[in-house]
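# Architecture at a glance
Chain by chain, the residues:
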Amino acid sequence: MLMVTHHLPRFVKLSRFQSFLAVHPNIIDAFRLQLWNQLPDSSKLGYLQSREDASARWFCQYAHEINVKSATTFRDLSSLRCSFGAWCKFHQGVTRIQLQQRTVSLRKCKTSILWWHSYTTQQRISHARRHIAAVLGERAIMRRVFRTKWHRYSCSKGRLRQISDNFESHSVEIAHGAFILRHTMISTFRRKAMIRWLSWIANVMKWEKAGLLMHRYLRRRIFKQWIAHFRAVRGFRVGEEESINKQIWLASVIKQAEKANMFVMQAAKNTRLTAIADKKQKAASVKMNLLAWNQRRRQAERAADDRIKLATQQDMRAKRIAKEKEDRAAAFKAAWEALENSYIKEHQRATLSWLDSSSSKSHVSKAFKRIKREFYQPPTPRSINREAQLKSLTSIVLIKMESVLFQKGIVMGHLIQQYAESSCGFLSHDEFRSLVRDLPIDLSPEQIRVVVGTLDADNDGYLGVEELENALHQVHKYNGVSASPWRMYIDPAQDVMCYHNLATSELVFEHRMHDAKLMEITKSNFIAETELEAINHIRRERALAWTRVKEDYASVVMTRMYRSFRSRREQGRLMWKIQARRQKRNAARHAIVATKLQCWWRVVSARLLFIAKVRHHVEVIPNLVERKLYYCNHNTGECTWTPPRHGSNVLHAPQDYIVVNENNRVYFVKWSMSPNEAHLRMWNKPSGYRRCTKCLQNIALLECIDVPGFFCFRCFRASFDDHDFARGTKQQRRVSPVSCTLCSQGRTASWHCLSNGPGLAACSLCFTRIENVDMKWLRI
């Protein structure tokens, strides 16, 4: 603005010039547009580049301000965040302790279940052994009792023999007494021993028989128990195999049901979202329709008001024009009626004076002779048409109609011409009957029917103008002058030629006619002809004058229309200029909005690309010594302990197990950031975790939905481009450990079924129970 100060006139101040430009910005826009059109393409390109650089610098400044605000907010909320972090750590510790307690209780439950299983198995085996030992021990006890009794008996018998041998050397008396006593006792003892031996033999035989029966019974019982045990074991194995197969089938069914339920839930969710979207769209459409309806209603009200105003104006204008037409027609009619009456009366007076003069005697005498000859002419074969016309009821009716109309100032020929010009050019029978009834003519319906049938020559049901004109021409030819009150016809009642004065209703028959009456009729015919000619002439002049009046009015209307056309054309030209200026102003405003929209879209695209690049190039790696997570940027090769300022919440967390290569030995470590929990190391790959399908060494972390395979972070970064994920052409997701689908223990799966569906997986414990050989399994 300072550059144009020295170009301003002295009487123009800079402040007023600035305020004027502020009030009228379109002047500056027009000036800028002119300068822009005068610039070369290189300058335009440089200006656009500078605008883009300025927008980029503005965006960087805006991002810097946002970062400063976020840092200030972070500093203000640091204490709250520290307390919240401490509470989160405490909650994590409590959760970890609860999980450890649950793990210990679960292990105890598993140990007790395994001990109870082994104890019941041992008890079942020991019970069978005890039962067999009881049976065998009972037989051994019976044999031992039998041997003990036999040993006691043999010992007692030997002792008795020894005692008898020791006392045999004594005295004979004692021997004799002893003999007697021994004989007695021996006999007694033998008898008793014999009885006991017999009873013992019987008992031994019974015991042996009972032993054999018991042996057979035990063999049969043991064999039955063995068969039952075999059947039970076989049933248990079949049931366990069936249960495992049922579990596998149930797991597959549950998996399919979960998939179906997932599909149903997804469909329900999609339906719900669709319903919500439809509801929102419907509400929006209802709102938009309401707004549009209100706008249309307001427009309709304004249009109705405008239409009402326009209709009122048009109605008032039409009424005004109609009133002007009526007034003009009334004034024209009044003026010409007075002129017509004076003109007709003047011609009547001239005709009367001419008839009274001597110059009209020859004409009157000729007309008198012609009328007298026609009146007294007898009927001949040549005058058959004349006689028929004179006798015709149609001629009489037309004569009376013409006379009545002429008395009212209406000429029959003019009436027929008006019908030919204004209507369709014909009259129906009903219209003709109504016309006859309106006139003071007494005719019966049969007479009217005869008249109509006579006039309708072609029998088409209508009376044409030509038919009426021909009938009227025949009446004028044979029945007298058109405007004369005297008409000649044959009276239908007496069948006599007569002259009828329709004005005075005077009827003169042939036998009462005299020359004075014929002369009167001749003069009245002259007067009627003069009056008819005057009427025709004045009405032609009247029609020409009315045509000139209408032409003058039409010229005035055309002048008004041309002036309105010129005004509308000028108004359209001015409106076109206004609309052109408005379009230019709207184009400039739209260009500014488009620039802002481009800046916003570049910001959004840059943010999406930045997030995709951060997720694709920054890897989160746990440090097992420091027990911290550090962030490695593979694009720049930079490693740091602090996460990126933007996009740290979208980074991929490391897998639960990492691969460590130490002294050319590879092992797996389950890392933990807690100082109270040790790292778990193992030589074999943990079950349930998939290997990277590219390097076949690291545990897979990511997978692409559109491409088969599982990849670690580095192989995923090397295999795919970050622009695909930024544009949305490809999608990625985290690889989770595979869980066992046969049991509900939450254990990770070690085997994957290839033949019974892709979703079937089994842990090592469930895999040992599966005895289906037809199924193909793959180690995970």
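Turning our attention to the confidence of the model for the protein chain. Within the protein chain, residue pLDDT values average 76, and 76% of them lie at 70 or more. In the model, residues 1-9 has pLDDT below 50 throughout and makes 8 contacts with residues more than four positions away in sequence or in other chains.

A few words now on the pattern of salt bridges. Throughout the structure, instances matching the rule amount to 15 salt bridges. Its salt-bridge partner being glutamate 301, residue arginine 297 comes within 3.0 Å of it at the nearest N-O pair. Here arginine 297 and its partner glutamate 301 are both found in helix α5 (residues 172-356), 4 residues apart, which amounts to about one turn of the helix. Taking the relative accessible area as the measure of exposure, arginine 297 reaches 35% and is therefore partly exposed. Glutamate 301 gets classed as partly exposed once you look at its relative accessible area, which sits at 39%. Close ionic contact of glutamate 570 with arginine 573 constitutes a salt bridge, the shortest N to O distance being 2.2 Å.

Counting buried positions over the 6 residues of strand β4 (residues 496-501) gives 6, a clear majority of the element. Side-chain alternation along β4 places Val496, Cys498 and His500 on one buried face and Met497, Tyr499 and Asn501 on a second face that is also buried. Where strand β3 (residues 486-491) meets β4, 6 bridges bridge the pair, whose relative direction is antiparallel. The partner of aspartate 491 across the bridge, within β4, is valine 496. Between the antiparallel neighbours β3 and β4 lie 4 residues, among them aspartate 495 with a positive phi of about 60 degrees.

This paragraph deals with unusual backbone geometry. Not every positive phi belongs to a glycine, and arginine 627 is a case in point at roughly 55 degrees. Position of arginine 627 relative to the elements: it lies in the loop between β6 (618-623) and β7 (628-633). By relative accessible area, arginine 627 is classed as partly exposed at 23%.

The geometry of two aromatic rings is summed up by the distance between their centres and the angle between their planes. Under the defined criterion, the tally for this structure stands at 12 aromatic pairs. Measuring from ring centre to ring centre gives 5.9 Å for tyrosine 630 and tryptophan 641, while their planes differ by 75 degrees; the resulting arrangement is edge-to-face. You can see tyrosine 630 sitting in strand β7 and its partner tryptophan 641 sitting in the loop between β8 (638-640) and β9 (657-662), a full 11 residues away along the chain. By relative accessible area, tyrosine 630 is classed as partly exposed at 23%. Centre to centre, the rings of phenylalanine 716 and phenylalanine 720 are 4.8 Å apart; their planes meet at 45 degrees, and the pair counts as tilted.

Strand-to-strand pairing in sheets goes through backbone hydrogen bonds, with the strands running parallel or antiparallel. The sheet built from 3 strands is open, its strands ordered β6-β7-β8 with antiparallel pairing. With one partner strand each, in any of the chains shown, β6 and β8 form the two edges of the open sheet. Going across the sheet, the axis of each strand differs from the next one's by a mean of 25 degrees, ignoring polarity. Here helix α13 (residues 515-617) sits on the sheet in contact with β6 and β7, set at roughly 40 degrees to β6.

Further remarks concern a positive patch on the surface. Judged by side-chain charge, Lys577, Arg581, Arg582, Lys584, Arg585 and Arg589 come together as a positively charged surface patch. With respect to the secondary-structure elements, arginine 581 resides in helix α13. Among the residues examined, arginine 581 registers a relative accessible area of 58% and is labelled exposed.

A few words on the environment of serine 739. Mapping serine 739 onto the fold places it in the loop between β13 (732-734) and β14 (751-753). With 11 residues separating them in the primary sequence, serine 739 and serine 750 have C-alpha atoms 8.6 Å apart. When sequence neighbours within four positions are dropped, the list of residues in contact with serine 739 reads Arg747, Thr748, Ala749 and Ala761.

The subject of this paragraph is the sheet that holds β9. Spatially, 3 strands are ordered β9-β10-β11 in an open sheet, and the strand pairing comes out antiparallel. Strand pairing shows two members of the sheet lacking a second neighbour, β9 and β11 (680-682), which therefore form its edges. The average undirected angle you get between the axes of adjacent strands in this sheet is 35 degrees.

So, about the packing of helix α6 (residues 361-376) against α13. It is at 9 Å that the axes of α6 and α13 come closest, and there the two elements cross at 115 degrees. Where α6 crosses over α13, the two elements pack in a sense that is right-handed. Taken together, the residues of α13 that come into contact with α6 (itself represented by His363, Val364, Ala367, Phe368, Ile371, Lys372 and Tyr376) are Asp515, Leu518, Met519, Thr522, Asn525 and Phe526. Class assignment for the residues of the contact of α6 with α13 results in 8 nonpolar, 3 polar and 2 charged.

Where helix α7 (residues 384-391) is concerned, the buried positions are Arg386, Glu387, Gln389 and Leu390. Viewed end-on, α7 has its buried residues packed into an arc of 165 degrees, placing them on one side of the element. Projecting away from the buried face of α7 at angles above 90 degrees are the exposed residues Ile384 and Asn385.

Parameters at a glance
- Residues numbered from 1 in each chain as written.
- Predicted model: local features only at pLDDT ≥ 70, side-chain atom pairs only at ≥ 80, totals over all residues.
- Heavy atoms only, no water.
- pLDDT = per-residue confidence, 0-100.
- Contact = heavy atoms within 4.5 Å.
- Salt bridge = Lys/Arg side-chain N within 4 Å of Asp/Glu carboxyl O.
- Helix = DSSP H or I, 4+ residues; strand = E, 2+ residues; numbered from the N terminus.
- Buried < 20%, exposed > 50% of the residue type's maximum accessible area, 1.4 Å probe, protein only.
- Pairing = 2+ DSSP bridges.
- Phe/Tyr/Trp six-rings, centres within 6.5 Å; stacked < 30°, edge-to-face > 60°.
- Axes fitted to C-alpha atoms, helices over the stretch in contact; angles between N-to-C directions.
- Patch = residues over 30% accessible without salt bridge, like charges linked within 9 Å, V, L, I, M, F, W, Y side chains within 5 Å.
- Areas by Shrake-Rupley, 256 points an atom, 1.4 Å probe, with all protein chains shown as cover.
- Lys, Arg positive; Asp, Glu negative; His and termini not counted.
- Charge placed at Lys NZ, Arg CZ, Asp CG, Glu CD.
- Left-handed = near helix turned anticlockwise from the far one by under 90°.
- Nonpolar A, V, L, I, M, F, W, Y, C, P; charged D, E, K, R; others polar.
- Arc of directions from axis to C-beta.

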